[in-house]
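# Architecture and fold: a report
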Amino acid sequence: MREERYMNPYLAGLLLGLLLVATFYITGRGLGASGAFKSVVVATVETVAEGHASDAKFYQEYSAEHPGASPLMNVLVFEIVGALLGAFASGLYAGRVSWRLEKGANATTRARIIGAFVGGILWGIGSQFGRGCTSGAALSGLAVMSTGGILTMLCIFGAAYGVAYFFRKLWI
Amino acid sequence: MGPLVPEFISENMSYIVGFFIGLAFGAILEQAGFSSSRKLVGLFYGYDFTVLRVFFTAGVVAMVGILGLSHFGLLDITQIYVNPTFLWSAIVGGLIMGLGFVVGGFCPGTSVSAAAIGKIDAWIFIGGIFVGVFIFAEGYPLFEELYKAGYMGNIRVSDTFDISANAFAFIMVLVAFVAFYAVYLFEQRKQKGISFFKFDAGSLAVSALFVLLAVGAVWFSDRRERILRLSEDKEFVARYPMDVMDLDEAAFWIMERANDKVQFIDFRKKDEFMKMALPNSYNFTVENLFEKGGNSRLKLKGMQNVFVADDEFTERQMAVIAKELGYKRVFVLRGGLDAFRREILGFEEPKGAPKTLAEEWLVRFRKNAKEEVLELIKENKPKEAPKQKEKRKLGGC
């Protein structure tokens with residue numbers, strides 16, 4: 001089956017590591033993903049409910065930390081748009097592009113949809129507390145040996161192992 | 001010297017660079033198989049260890065790579081973003097994300113790569129992320145206390161525990177290798193015979209990579225510590241070949257107002273410097289020598305950098321550090337500023353007629369120099385040290 005032909009994981013890891021080094025060398029910071037989602041949320045709220053955005057503290061703090069143009073003018077947003085296209089090109093090349101819902105063998109479609117949505121919500125909240133997700137906090141944090149980043153990494157993987165048993169029906 | 005943003009690459013240009021970094025990021029994630037939720041969560045159920053291999057390999061490669069760039073003076077690691085540590089927020093956030101990983105099957109970066117190839121569950125997951133961020137934003141007054149609790153600064157493991165960056169990197173390389181080997185054995189649990197090592201190109205390449213990483217982790221020592229140690233070694237400093245500028249030459253350059261040819265790098269304390277400083281001089285600390293701001297000041301094209309301090313030995317110590325860091329055209333002032341104050345600024349004509357022509361010229365020169373240099377010093381407003389830009393506050397996520 002063509003779909004199973006993925007890159008050797010160590011080679012992929014080596015390339016990802018080198019990309020991360022290059023990213024630090026060029027931009028002075030690591031890779032990130034959840035920051036882009038945050039930018040989109042802030043931009044949306046600022047557009048849809050301007051008054052609310054100037055009242056609520058979260059948005060105020062965001063604009064204080066990111067002065068200047070629209071929240072969308074952010075390297076991470078460009079990075080994620082790039083990632084979408086890069087992944088699409090890779091999928092096209094490998095013949096993996098198609099609309100479908102992936103789920104565990106014994107999971108219902110309904111369970112998978114709810115799981116995916118709730119999981120996304122949890123990441124949205126968790127990545128704010130963790131000040132980054134697997135890319136920005138865990139991987140980039142590991143690369144620069146940030147105490148907080150490594151702690152978050154350990155908690156992500158630790159918690160995932162801790163709760164895996166209770167959600168086994170979703171996956172196996 | 002990196003990072004290239006913002007000095008060499010403008011803010012606007014960095015968006016384009018970010019886009020291309022993203023292209024590679026997305027392609028690597030997809031190629032690795034991170035566009036499949038079943039493959040991702042396989043790690044937590046023991047049927048697929050791709051995440052462990054890719055993530056851990058990338059982590060140690062980047063860690064050792066950054067040590068290497070810093071070791072060779074290509075990257076100023078004081079200028080790269082180190083995620084701040086908010087103890088409780090980091091823990092709670094990690095736990096929530098870990099739960100989200102198993103429930104949702106993705107993390108944000110991987111969900112993007114999966115959405116790109118048409119995974120509907122990934123699009124739903126992304127919708128969830130937006131809702132999650134929104135919930136956090138709206139509930140921020142409730143979360144704020146926890147969010148900001150236990151702030152410890154932008155610390156590294158080497159600040160938290162009594163361990164050097166090199167030792168930590170070495171341990172991580174070792175842990176990664178052991179984990180990979182354990183997983184390799186674990187995957188053979190259903191086979192009859194276990195092979196402890198496969199002599200194929202892949203296994204050998206991975207082993208070689210990890211040997212290199214382990215060597216790098218130890219070898220890419222902190223340049224700063226090594227060089228500072230050298231500069232404390234009196235004998236080493238005394239024997240170090242050094243270009244020495246005579247007092248009269250220094251006075252001559254000052255009188256020539258040759259600001260594009262000669263600058264003085266002054267290592268005295270700031271208050272002394274602000275009281276009296278030579279024209280075209282810059283107040284440096286030892287730290288400035290290692291930083292990007294100092295880097296651009298010392299690398300001016302064709303500029304001769306004369307290191308000054310009260311005594312010549314301190315000048316030599318600083319010059320040794322600068323030369324070890326690879327800076328060229330570094331001079332020390334003979335006898336230091338003490339001598340300059342005595343022989344030039346405080347010059348007194350010797351009694352009796354000069355015996356030789358050279359002596360006569362010297363007396364005449366120094367008389368002029370005393371007057372003019374004193375005047376120039378009075379006019380001169382000491383410039384502040386090269387300011388380091390504030391550390392990057394904006395992080396990856």
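Preceding this paragraph is the structure being described.
Attention in this report is confined to the structure presented alongside it. What you see is a predicted model; the values in this text were computed from it and never measured. (Residues numbered from 1 in each chain as written. Chains lettered and ligands numbered in written order. Predicted model: local features only at pLDDT ≥ 70, side-chain atom pairs only at ≥ 80, totals over all residues. Heavy atoms only, no water.)

## Regarding the interface of chain A and chain B
Selection criterion: Contacts: residue pairs with any heavy atoms within 4.5 Å of one another. The term buried area refers to how much accessible surface (probe radius 1.4 Å) is lost by two components on association, counted for both of them together. Each salt bridge in this description consists of a side-chain nitrogen of Lys or Arg and a carboxyl oxygen of Asp or Glu lying within 4 Å of one another. In protein, a polar contact means a hydrogen-donor-capable atom and an acceptor-capable atom, both N or O and within 3.5 Å, with residues adjacent in sequence counting only if both atoms are side-chain atoms; elsewhere, any N or O pair within 3.5 Å suffices. A helix here means a DSSP run of H or I that spans at least four residues, while a strand means a run of E at least two residues long, and both kinds are numbered starting from the N terminus. For this scheme, ten residues count as nonpolar: Ala, Val, Leu, Ile, Met, Phe, Trp, Tyr, Cys and Pro. Four count as charged, namely Asp, Glu, Lys and Arg, and the remainder, Gly too, count as polar.
Tallying the contact residues gives 119 residues for chain A and 125 residues for chain B. The contact between chain A and chain B buries some 11300 Å² in all, and 75% of this surface belongs to carbon and sulfur atoms. Looking at the side of chain A facing chain B, the largest losses of area belong to Tyr10, Phe129 and Arg131 of chain A, adding up to 8% of the total buried there. With its nearest N and O atoms 2.8 Å apart, the salt bridge here joins Glu30 of chain B to Arg96 of chain A. Where chain A packs against chain B, one counts 49 residue pairs in polar contact (both at pLDDT 80 or more). Sorting the residues of the side of chain A that touches chain B by element identifies α1 (9–27), α2 (34–48), α4 (57–65), α5 (75–94), α6 (109–129), α7 (134–143), α8 (147–164) and α9 (168–171) of chain A as the ones contributing at least two each. Among the residues making up the side of chain A that touches chain B, the classes are represented as 71 nonpolar, 35 polar and 13 charged.

## Considerations on the nonpolar core
Nonpolar side chains in soluble globular proteins tend to be buried together. Note the following rule: Among buried residues, the Ala, Val, Leu, Ile, Met, Phe, Trp, Tyr and Cys ones that are joined through side-chain atoms within 4.5 Å form a nonpolar core. Only protein chains enter the calculation, and the probe is 1.4 Å; a residue is then buried if its accessible area is under 20% of its type maximum, exposed if over 50%, and partly exposed in between.
Leu16 of chain A together with Phe44, Phe101 and Phe210 of chain B are the most contacted members of the largest nonpolar core, which totals 115 residues. In this structure Phe101 of chain B touches Trp123, Ile156, Phe157 and Ala160 of chain A together with Leu40, Val41, Phe44, Phe106 and Cys107 of chain B, once residues within four positions along its chain are discounted.

## Points about α2 of chain A
Rules: In this analysis, the expected span of each helix is defined as 1.5 Å times one less than the number of residues it contains.
Here α2 of chain A spans 21 Å end to end across 15 residues, near enough to the 21 Å set by a 1.5 Å rise per residue. Among all positions in α2 of chain A, only Ser34, Gly35, Ala36, Phe37, Lys38, Ser39, Val41, Val42, Ala43 and Val45 of chain A are buried. If you follow the buried residues of α2 of chain A, they end up packed against α3 (50–55), α4, α5 and α6 of chain A together with α5 (108–116) and α6 (120–138) of chain B.

## Observations regarding the packing of α5 of chain B against α6 of chain B
Residue and element names in this part refer to chain B. How we decide: Angles run from 0 to 180 degrees between N-to-C directions of axes, and those axes are lines fitted to C-alpha atoms, restricted for helices to the stretch in contact. The cut-offs work like this: below 35 degrees is roughly parallel, past 145 is roughly antiparallel, 65 to 115 is roughly perpendicular, and the gaps in between are oblique. Whether a crossing is left-handed or right-handed is set by the direction in which the near helix is turned from the far one by less than a right angle, anticlockwise for left-handed and clockwise for right-handed.
Where α5 contacts α6, the axes come no closer than 8 Å and their chain directions differ by 140°. With respect to α6, the element α5 is oriented oblique. At the point where α5 passes α6, the crossing takes the left-handed sense. Contacts between α5 and α6 pair Pro108, Ser111, Val112, Ala114 and Ala115 from the former with Ala122, Trp123, Phe125, Ile126 and Ile129 from the latter. The residue makeup of the contact of α5 with α6, split by class, is nine nonpolar, one polar and no charged.

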